[in-house]
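Working through the structure, step by step
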Amino acid sequence: MVSASGRYVVAFNGEIYNHLDIRRQLGNAGGNAWRGRSDTETLLAAIERWDLGATLEKAVGMFAFALWDRQERSLRLARDRMGEKPLYYGWQGETLLFGSELKALRAHPTFRSEIDRDVLPLYLRHGYIPTPWSIYKGIRKLLPGTWVRFTAARKGQLPDPTPYWSLTEAVAEGQAHPFQGSDADAVDALDQQLGQAIEGQRLADVPLGAFLSGGIDSSTVVSLMQSRSSNPVKTFTIGFGEAGYNEADYAKAVAKHVGTDHTELFVSSDKARDIIPLLPGIYDEPFGDSSGIPTYLVSKLAREHVTVSLSGDGGDELFGGYGRYSTFQRWNARMAGLPSIARRGLRSGLCLLPSSKSHRHRRRQQLMADVLNARHSAELYRALTAHWLPADRVVESADEAKYWFNSAVSAGTLQEPVDHAMLADAITYLPDDVLVKVDRAAMAVSLETRVPLLDHRIVEWAWTLPQRLKARGGHEKWVLRELLYRYVPRELMDRPKMGFGVPIGAWLRGPMREWADELLAPRSMQQAGWLNPQPIQQKWRQHLAGTSQWEYHLWDVLMFQAWLNTQHGP
């Protein structure tokens, strides 16, 4: 779209939920009558009036866009605060490429498709490729909450992005001005703020619904949606037959209680496995989260009925919902009680130990070394949550790409050690795994997803809360639970956290074994030249024997191998 004056041209992906408020602030489109009701038109008018930085600070939404300034002959790329919408960019020769998907960049004749070997250790450590890197050399992901400017005078250069919002600064500000009200006041505040976010995100010119897994987060979003709607909200759930992987009955009970128009689909293991060959094309680069399978299935189900669906993602990162936080806190307490001289002694002792022939023992030594080397809670958390470690020697001749994780998460002193773990997830796992999973799966079936818990005003408020309002009495997400109990009986929700996944471990030993054997064959990996088959085969044999559970590690490798075959041929 071209601005009213003709100066700016924008390619825009996403939604600005408060664009009508921005229109009211503008009064008119810079002296011109509004041509339509599009938030894209509002964006352009605001940029003409206030410039890009001020407009981004006012905008509430999820978006990625490219803005061409005809007067300055400059291009600016911008991304939303929490990273809901993707934006890739980079130089290939003398051509600057940008887009929402890598497949769009690959279509250009100058694209080289050169894999960045130094990014592979990061992928295998985390199960996803963290921002700002991509799988390809010279192609980056724009950091959430930033914009970057390009001009012909700086051809071939990748300038540092300019932040217009920073999560680490929001966290520091929130903890410097903690919430002062009572427990009930906190629940009231969350009710009001989440309700406001949902009200803004319910605005749509197309049919709208919501994912409902039956867990705390999605049940809360759906309950607040339904309480504000005069018609039944359309909700969607996928069910599986395997015990431990099916929350459909819980979702159905919540839907019945709050009165939604509920659709559920039970999927056989065979049907779910049929999705696997589609994953490399959906995610465009190696992506090791197997819950992308049910996410695609529920998106496909929802798209048969609606065009937009709200989700409950973000609650775990904001309100301390992951069980691994308890594990981290136990380890952190042990390390805090260990004098530095004792740490040095243990590290020295590990160095003197002979290299174990056992892969399992060698890995334990490496994990303990990483734990003892951790200078900060953030580094300890990264060590404890790693999939493959550098000592596993899966990627030969590679130096792990420099990563902003430690500097960003370690900046400043937070109130509790677990705050560093939560912040780490919010700036890495959330945008690079959770939101990637939801956005790509939904976009693959032309479904738009919206995430009300990640309204930046809720994010900022959540970081004013002390930990006692997030974890209490053996329950995570205390304040979110208390809000949900205003709408849904407690007995419907008091159960262990289940997660949204599929039984990959059992599938790899059973119906997927032949497929996995082919992808993990040492000869094919050696010919490709990217991964060392020896440690991978060790884990594969242990997994098949049932002596160890290595499905997450193996799935990372399988998704890389499947992506490699899809993009570059076997």
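Above this text you will find the structure in question.
Reference entry: report on the structure contained in this document. All values reported here derive from a predicted model rather than from experimental measurement.

1. Points about the sheet that holds strand E3 (residues 74-79)
Sheets are built from strands paired through backbone hydrogen bonds, the pairs being either parallel or antiparallel. Read across the open sheet, the five strands follow the order E1-E2-E3-E7-E8; overall the sheet is antiparallel. Each edge of the sheet is formed by a strand with only one pairing partner; in this case those strands are strand E1 (8-16) and strand E8 (162-163). Bridging between strand E2 (residues 61-69) and E3 involves six bridges; their strand directions are antiparallel. Note that in E3 the partner of Trp68 across the bridge is Leu75. With respect to the sheet, helix H2 (residues 39-50) is in contact with E1 and E2, its orientation differing from that of E1 by roughly 125°.

2. Looking at helix H14 (residues 324-336)
Taking 1.5 Å as the rise per residue, H14 with 13 residues should run 18 Å; its terminal C-alpha atoms sit 18 Å apart, in good agreement. All of the buried residues along H14 are Tyr325, Phe328, Asn332 and Met335. Taken end-on, H14 shows its buried residues confined to a sector of 80°, consistent with a single buried face.

3. Quick look at the environment of Leu75
Tracing the backbone shows Leu75 in strand E3. Spatially, the C-alpha atoms of Leu75 and Phe150 are 5.1 Å apart, while their sequence positions differ by 75 residues. Apart from residues lying up to four places away in sequence, Leu75 is in contact with Ala66, Leu67, Trp68, Leu96, Phe98, Val148, Arg149 and Phe150.

4. Describing unusual backbone geometry
In this structure, Pro132 follows Thr131 across a cis peptide bond, with omega equal to 15°. Here Pro132 shows up in the loop between helix H5 (120-126) and strand E6 (139-141). In this structure, Asp51 takes a positive phi of about 80° despite not being glycine. Here Asp51 shows up in the loop between H2 and helix H3 (52-58).

5. Thoughts on empty space enclosed by the protein
If you walk through the whole model with that rule in mind, you get seven cavities of 30 Å³ or more. Lining the largest cavity, in full, are Tyr17, Val60, Gly61, Asp80, Arg81, Met82, Glu84, Gln201, Leu454, Asp455 and His456. Tallied by class, residues from the lining of the largest cavity come to four nonpolar, three polar and four charged.

6. Examining the packing of aromatic side chains
For the structure on display, the rule yields 15 aromatic pairs. Ring geometry for Trp91 against Phe150: centres 6.4 Å apart, planes inclined by 75°, an arrangement best described as edge-to-face. Here the residue Trp91 occupies a position in strand E4 (residues 88-92), and Phe150 occupies one in strand E7 (residues 146-151), the gap between them amounting to 59 residues. Each of the two residues, Trp91 as well as Phe150, counts as buried. Ring geometry for Tyr136 and Trp563: centres 5.9 Å apart, planes at 55°, overall tilted. One end of the pair, Tyr136, is in the loop between H5 and E6; the other, Trp563, is in helix H27 (residues 551-568), with 427 residues separating them in the sequence. The structure contains a cluster of three or more aromatic residues connected by ring pairs, namely Tyr128, Tyr322, Tyr325, Phe328, Tyr381 and Tyr429. Across the ring face of Trp147, the terminal group of Arg76 is positioned such that the distance to the ring centre comes to 5.8 Å. Here the basic side chain of Arg324 rests over the ring of Tyr429, its NZ or CZ set 4.9 Å away from the ring centre.

7. Structural notes on the environment of His376
Mapped onto the secondary structure, His376 falls in the loop between helix H16 (359-373) and helix H17 (377-384). Its relative accessible area of 24% is what places His376 among the partly exposed residues. Residues His376 and Phe65 lie 311 residues apart in sequence; the distance between their C-alpha atoms is 36 Å.

8. Quick notes on the pattern of salt bridges
If charged atoms from side chains of opposite charge come close, those side chains can pair. This structure, assessed with the given rule, holds 31 salt bridges. Where Asp284 meets Lys103, a salt bridge forms, and the shortest distance between an N and an O atom there is 3.2 Å. With Asp284 in the loop between helix H11 (279-283) and helix H12 (292-303) and Lys103 in helix H4 (residues 102-106), the pair connects residues that are 181 residues apart, well separated along the chain. Given a relative accessible area of 2%, Asp284 falls into the buried group. Relative accessible area serves as the criterion here: at 32%, Lys103 is assigned to the partly exposed category. With its nearest N and O atoms 2.8 Å apart, the salt bridge here joins Arg468 to Asp183. In this pair, Arg468 is assigned in the loop between helix H20 (456-462) and strand E14 (471-472) and Asp183 in helix H7 (residues 183-201), connecting sequence segments 285 residues apart. Judged by its relative accessible area of 42%, Arg468 falls in the partly exposed class. Members of the salt-bridge network, linked through shared partners, are Arg7, Asp69, Glu72 and Arg149.

What counts, and at which threshold
Chains are numbered independently. Their residues run from 1 in the order of the written sequence. In keeping with the model being predicted, local features are shown solely for residues with a pLDDT of at least 70 and side-chain atom pairs are shown and tallied solely at 80 or more, while totals for entire chains, interfaces and linings include all residues. In computing side-chain values, all of the structure's heavy atoms are included and hydrogens and water are not. Two strands make a pair as long as DSSP finds a minimum of two bridges between them. The helix and strand labels rest on DSSP assignments: H or I over at least four residues marks a helix, E over at least two residues marks a strand, and numbering proceeds from the N terminus. Any pair of residues with heavy atoms lying within 4.5 Å of one another is described as a contacting pair. Helix axes are fitted to C-alpha atoms over the stretch in contact, other axes to C-alpha atoms as well, and angles between N-to-C directions run from 0 to 180 degrees. For a helix, the expected span equals 1.5 Å multiplied by the number of residues minus one. Note on exposure labels: buried denotes an accessible area under 20% of the residue type's maximum, exposed denotes more than 50%, and partly exposed covers the range between, all computed with a 1.4 Å probe on protein chains only. The directions considered for the arc run from the helix axis to the C-beta atoms. Points on a 1 Å grid over protein atoms alone make up a cavity when a 1.4 Å probe fits among them but cannot get out, and a pocket when they form an open set with protein on both sides within 12 Å along at least five of seven lines; lining residues each have an atom within 4 Å of a point. Grid points are joined across faces, edges and corners, and a volume is the space filled by probe spheres set on the points. Under the convention adopted here, Pro, Cys and the residues Ala, Val, Leu, Ile, Met, Phe, Trp and Tyr are nonpolar, Asp, Glu, Lys and Arg are charged, and Gly plus all remaining residues are polar. Pairing of aromatic side chains requires ring centres within 6.5 Å, counting the rings of Phe and Tyr and the six-membered ring of Trp. Pairs whose planes differ by under 30 degrees are stacked, by over 60 edge-to-face, and all others tilted. Each ring is checked for a lysine NZ or an arginine CZ that lies within 6 Å of its centre and within 35 degrees of its normal; such an atom marks a charge sitting over the ring. Salt bridges are counted wherever a side-chain nitrogen of Lys or Arg sits within 4 Å of a carboxyl oxygen of Asp or Glu.

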